[in-house]
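Take a look at the letters that make up each chain.
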Amino acid sequence: MDRKRKWVLSSGALLVIFLGRMTTALEVPLDLPQPPTITHQSPKDFIIDPRENILIYCEAKGKPHPSFSWTRNGTHFDVEKDSKVLMKPSSGTLVIDISGEKAEAYEGIYQCTARNEHGTAVSNNIFIRQSRSPLWSKERKEAIMVQVGVSLVLQCRPPAGLPPPIIFWMDNNFQRLPQNTRVSQALNGDLYFSNVLLDDTRNDYICYARFPHTQTIQQKQPITVKVLDMDAINETVAALYNYTNNLFVDSPSGERRPSFMAPLGRSSTQMALRGGVLELECIAEGLPTPEVSWYKESGDLPSSRMSFHNFQKTLKIADVMEADAGDYRCTAKNSLGSAHHTIKVNVKAAPFWISAPRNLILAPKETGILTCRVSGDPKPQIAWSVNGVPIEDSPKDTSRKVEDDTVILSDVQTGSSAVYQCNASNEFGYLLANAFVNVLAEAPRVLTPPNNVYQVITNNPAFLDCASFGSPIPTITWFKDSQTSILNRDPYVIHNNGTLEINVAQSLNSGKYTCIASNNLGTRENHVYLEVKEPTRILAQPEYMVVQRNRKAVFECKVKHDPTLIPTMNWLKDNGELPDDERFLVDTDSLTINEVTEEDEGTYTCVMNTTLDQDSASAMLTVVEEPDPPTDLELTDQRERSVQLTWIPGDEHNSPTQKFLVQYEDLLHQAGVWHNLTEEEGTKTTAHLDLSPYAYYSFRVLAVNHVGYSQPSQPSRQYRTNPAAPDVNPTDVHGVGTEHNNLVISWKELTGLQSNGPGLQYKVNWRQKDVEEDWLSETVANASKYVVSGTPTFVPYEVKVQAVNDYGNGPAPEAVVGYSGEDVPMSAPESVQVLVQNGTLAEVHWEPVLTSMVRGRLQGYKVSYWRERSLHQAEAQQEEQQVLLFSGNRTDGRLPGLKPYSLYTLNIRVVNGKGEGPPSPNHNFETPEGVPGPPSFLRIKNTDMDSLTLEWGPPQDNNGRLTGYTLKYQPVNSSNELGPVEEMMFPANETTVVLADLKYSTRYKFYFNAKTIKGSGPTITEEAVTIMDEVRPIGPAFTNVNSSVVGEEGAVISWEYFGPDKNVYVEYIVENSKEDWTKECVNGSSGSQTYLIKGLKPGTSYRVRLVVKDHSEATIHSTEELVITLPEAMKSDQVDLATQGWFIGLMCAIALLILVLLIICFIKRNKGGKYPVKEKEDAHQDPEIQPMKDDDGTFGEYSDTEDHKPLKGSRTPSNGTVKRDDSDDSLVDYGEGGDGQFNEDGSFIGQYSGKKEKDTHEGNESSEAPSPVNAMNSFV
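The structure reproduced in this document is the subject of the present report. Being a predicted model, the structure only gives us computed values, none of them experimental. (Residues numbered from 1 in each chain as written. Predicted model: local features only at pLDDT ≥ 70, side-chain atom pairs only at ≥ 80, totals over all residues. Heavy atoms only, no water.)

**Re the pattern of salt bridges**
We count it as follows: In what follows, salt bridge is the name for a side-chain nitrogen of Lys or Arg lying within 4 Å of a carboxyl oxygen of Asp or Glu. The classification of residues rests on relative accessible area computed with a 1.4 Å probe and restricted to protein chains. Under 20% of the type maximum is buried, over 50% is exposed, and intermediate values are partly exposed. Helix and strand assignments come from DSSP, with helices taken as H or I runs of at least 4 residues and strands as E runs of at least 2, each series counted from the N terminus.
Applying the stated criterion to the full structure yields 36 salt bridges. Glutamate 403 serves as the salt-bridge partner of lysine 401, at 3.0 Å between the closest nitrogen and oxygen. For lysine 401, a relative accessible area of 47% puts it in the partly exposed group. Judged by its relative accessible area of 37%, glutamate 403 falls in the partly exposed class. The partner of glutamate 929 in a salt bridge is arginine 961, and the shortest N-O contact between them spans 2.8 Å. With glutamate 929 in the loop between strand S79 (923-926) and strand S80 (935-941) and arginine 961 in the loop between strand S81 (948-955) and strand S82 (964-972), the pair connects residues that are 32 residues apart, well separated along the chain. Salt bridges sharing common partners tie together Asp31, Glu442 and Arg445.

Quick look at the structure:
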């Protein structure tokens, strides 16, 4: 934008400002003639402080500037004659010096007049009164004696002040007397007691009056109140008191229903002024103290404007309206009854404006109307004045017509400007307004500054200002951008003051706006600009967080805002600033609180502000931690085997307690070790604990919440239980023999807490099962097993173990069956048979061993088998033995994984817990033939253009008698599609075959297997390619593929190639490009190769690959892609010599010298001689201009037939440098030097890193000094 703009914010916050502009009266620029206008004046009722000078304001404006005069009490006030009165320069404000004077001398009603040649304006009547704070009249206060329970009123009766004083009650120590529903201060300042108490006795009830203007406080004499309890004194004394003390209050003293102390009676009346404050008061007495409530009989109380004060004894209604008139009922109520009082409220009104007169700017011959519309109760009287003179006393004007509250001006003339006053009054006050009529003829002018820029948030209203002035009043039209249409339809609204409103601004509303003000005297235009911004929005709001103490809390607040507005992120805690603590870390979109504490709890708010709007979001932080340990553990309901434990829960720290864990310590048996006893719900605080005898208990409680366990509580007091006989017997009782002639009885010992008393022992009982014999027993102590010797082998026994202590035996134990010890089996399985299923699976069957011969718990049968030899081999080749265990009392089993056409041997043993029995006799069986294994190898030899030789070896596992071999093969094309299958059969004694009539340069896949009478065995595969002159192993066609950058526009690719195809290409493409690959044909010979790619773009990345194609251009082989990035082009920092003055001078000197030499040469030639330079040129021609050799157009280093020779046209001297020879296309020219050499594989050493050298010296711009002829040509 080529002009300066002023930036103006336009948003919803400015709506009030713009609406204010729409309703403001038309302002006349101060450089134009205009009547006076009062701009500042003192209030109508002006109470002054007698200690300060009197300052009465009267300021006005006008053109020319007005002069001022005053009246006092209706007569002219000559300011100049009073030395104490000063009028400020260019102002009507009076300063009255009252030092040495009494302020009363200047009390009165003042009015200011401001006049110029166009009219006269007057101020309000300003009533000046001195503030007064009179002293309290002297009075003697005798003690007030009252009986307990009666009501009492202490009167204040402050002196009349101006303004009225503020009343309050205090004691001698300047402490406010306490007030409540029983004792309270009324609106008039009196102190009311609904009923008195003995505590009300005191001698310092003091009423104070504070006068706000003079800031003085007056004190009344203290009042003494004595409260007597008549029931506690002698009746004679009481009678004496009643007879002699006339101050004794005579009112009911006992319990009674309420009655009203103020106002008196059942009803009263009160008047309020509209716009003022209505205060209704009801104070009641009674015993018990009554409560007061309010309601309006003819409607609802105005909840938004009302409030209760003085313990609901006062109803206050602010900004009184006519609708507040009616009957208000207060009710006093206690337990014995209620009382009612109705206050009838009448609302009156001092005059108030409906429509105040406004200034008129009229052009000659125009018509205007002044309206003065007021209301009030009673109805106000309206009086018009012109230039301060009642209109009926002013000169007659035919163009003026007065109709009650309206003045109509018709066909006004130049020079008829004036100021009109409207005075509306009733008994409650008056209103005075000045409105001038200014007759002007003025061309339009736009008052709004030009090029303002208004900014507004999307979807908010926008207001574009176009304040103007002119007479006649200009017409305002608006245009947007280059449009010619007037903006006077949705969404645009043009207000009377010229402001353009856009109700809901959108981004398309942004742009340049032009407002034009026009009347019959001319036009003016102004340009403003509107920018509609995106709103600020919080996208990711902070979330409610529950964080453990000393952990970290992170609140996120991610915001989206208009990018042209500068945002400011503020974080608040509980609507206040964040604590000044380094633990609070504010980031761009988050707030982090490290090591949170309980003080960090609260509501956190992120507020994003811009210059136009804001958005905010809040979340709460709750800090939790383990609960505090329970306290105050108590033991109650103590019994022999139980006790009740109670406790007080500790602080939960914002995480409810889920449960309580009760633990115990047994100081008798296991001191220092705490055990879990029981758990209770988190809502309980008691636990019934079942206890064991003979223990010294201590208890403690832990609380558990979501965070974890609390610290343990302090232990309870010790609780001891008495000994008793055992309640339980040992558990895990077993009877197992460890030898063939014993029985070991074992059990789990009781704990000390289970012993129930001292002298714990174990009574062990046993007897052989199913045998008629008595129980045998033995008692042992401090043991967990007992060994019974001399038992039969593996017979069942019944055993039981009972706990015994000094206080008796435990409960009768249950018998457990066990077995004595085992011994190894005595016999082997018999009748072993083998049923062969196929070449790899057989079934074995046997007769089970008798139970008596097993001599133990039967574990199963163990089958051992092994392969003796193959059936087509005469000699045995025994293999490793295999073992299978068949659990339980089995009589058969399967032997998997056998080899076909083999001889196997097996035997069987029975197994018990002690070991294995003797084996059965060896049993032999044979497996039938199966399919053979794969051939041991398949080799491809003598690969030629159309034939190759296959060799193979027989299978390692024939699995029978071989009957022959099967060969299948088929071609495979470049896309790995398989061709037709050829099949050949060979006898078992053949091991080689030559395949002829194969396709040239074709890949073949071969499938080969062996056969027996049972079928074909597994297939092995191989692949081979027919070639023209050489066979290479099957594998990658390219190896050692590398790349390097040469200069700014070239790259070298090096590789090793092994393949028959000669169609090798380098393909490259710009990285991320969608164009086709660029293809360049290269040397297709086998071995190490290199290729230079020229003409690449500096600073560009390329993808490069090598491909091999067949005769149909189909890709056979392809390398992985390489990415090559070329450097940026070198930027020259040289100075252009052609623009240097010294260089131009030097060239001129050389040119002059050459001219002289040419003249000399011309003279000598005419004489028939040759100059030496010519002879040297003839003898030594410049190699730079020698004709190129007629080579094949390729670089020497890429010759098809000389794979490993040095580069064509270059030599490698012993010093390692590469000198320039005949070829201009030597690779040295493409590098940056001549140090390049070849590795053995043909790749370059140094990657072209050196600088290119020439025979002649190279400068910055040229490698040779210019010859005379060239120098002359440069000047042509």
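**Observations regarding the pairing of strand S84 (residues 992-995)**
Our working rule: DSSP bridges decide pairing: two strands pair if at least two such bridges lie between them.
What you see with S84 is a clean split: Val993 and Leu995 sit on the buried side and Thr992 and Val994 on the side with no burial. Sheet topology places S81 next to S84; four bridges connect them, and they run antiparallel. The residue bridging leucine 948 from the neighbouring strand is leucine 995, located in S84.

**Considering the sheet that holds strand S44 (residues 492-494)**
To be explicit about the condition: Fitted lines through C-alpha atoms serve as axes, helices being fitted only where they are in contact, and the angles separating the N-to-C directions of these axes extend from 0 to 180 degrees.
Here we have three strands laid out as an open sheet, ordered S41-S45-S44, and antiparallel in their pairing. With one partner strand each, in any of the chains shown, strand S41 (462-464) and S44 form the two edges of the open sheet. Adjacent strand axes in the sheet meet at a mean angle of 20°, parallel and antiparallel pairs treated alike. As paired strands, S41 and strand S45 (residues 500-502) are joined by three bridges and run antiparallel to one another. Opposite phenylalanine 463, over in S45, you have glutamate 501 as the bridge partner.

**Notes on the sheet that holds strand S27 (residues 314-317)**
In any sheet, the strands associate via hydrogen bonds between backbone groups, in a parallel or an antiparallel arrangement. Read from one edge to the other, the open sheet built from three strands follows the order S23-S27-S26, with strand pairing classed as antiparallel. What marks the edges here is a single partner per strand, and that holds for strand S23 (278-281) and strand S26 (306-309). Across the sheet, the mean angle from the axis of one strand to that of its neighbour is 20°, orientation sign disregarded. By the bridge criterion, four bridges tie S23 to S27 in an arrangement that is antiparallel. Across the sheet, glutamate 281 pairs through a bridge with threonine 314, a residue of S27.

**Looking at the environment of threonine 201**
This is how it is decided: The definition of a polar contact used here is a pair of N or O atoms within 3.5 Å, where within protein one atom must be able to donate a hydrogen and the other to accept one, and adjacent residues in sequence count solely through side-chain atom pairs.
Take threonine 201: it is sitting in the loop between strand S17 (191-193) and strand S18 (202-211). On the accessibility criterion, threonine 201 (37% relative accessible area) is partly exposed. In this structure the C-alpha to C-alpha distance between threonine 201 and valine 146, which are 55 residues apart in sequence, comes to 9.3 Å. Here the side chain of threonine 201 touches leucine 198 through a polar contact of 3.1 Å, landing on its backbone oxygen.

**Concerning a negative patch on the surface**
Rules: Within the patch definition used here, like charges are joined within 9 Å and nonpolar side chains (Val, Leu, Ile, Met, Phe, Trp, Tyr) within 5 Å, considering only residues with over 30% relative accessible area and no salt bridge. Surface accessibility in these figures is a Shrake-Rupley result with a 1.4 Å probe; residues are shielded only by whichever protein chains are displayed. Positive residues here are Lys and Arg, negative ones are Asp and Glu, while His and the chain termini are left out of the count. Each charge is placed at NZ for Lys, CZ for Arg, CG for Asp and CD for Glu.
Among the surface-exposed residues, Glu598, Glu599, Asp628, Asp651 and Glu652 lie close enough to one another that they form a single negatively charged patch. Its location among the elements puts aspartate 628 in the loop between strand S57 (614-624) and strand S58 (631-636).

**Concerning the state of the cysteines**
Heads up, the rule is: Defined by distance alone, a disulfide is two cysteine sulfur atoms within 2.5 Å.
Taken as a whole and assessed by the stated rule, the structure comprises six disulfides. Linked covalently through their sulfurs, cysteine 282 and cysteine 330 form a disulfide whose S-S length is 1.9 Å. Across the disulfide from cysteine 282 to cysteine 330, rotation about the S-S bond amounts to roughly -70°, and the bridge is consequently left-handed. Linking cysteine 282 in the loop between S23 and strand S24 (283-287) with cysteine 330 in strand S28 (residues 326-334), this pair joins segments that are 48 residues apart in sequence. Taken as a pair, cysteine 282 and cysteine 330 share a single burial class, namely buried.

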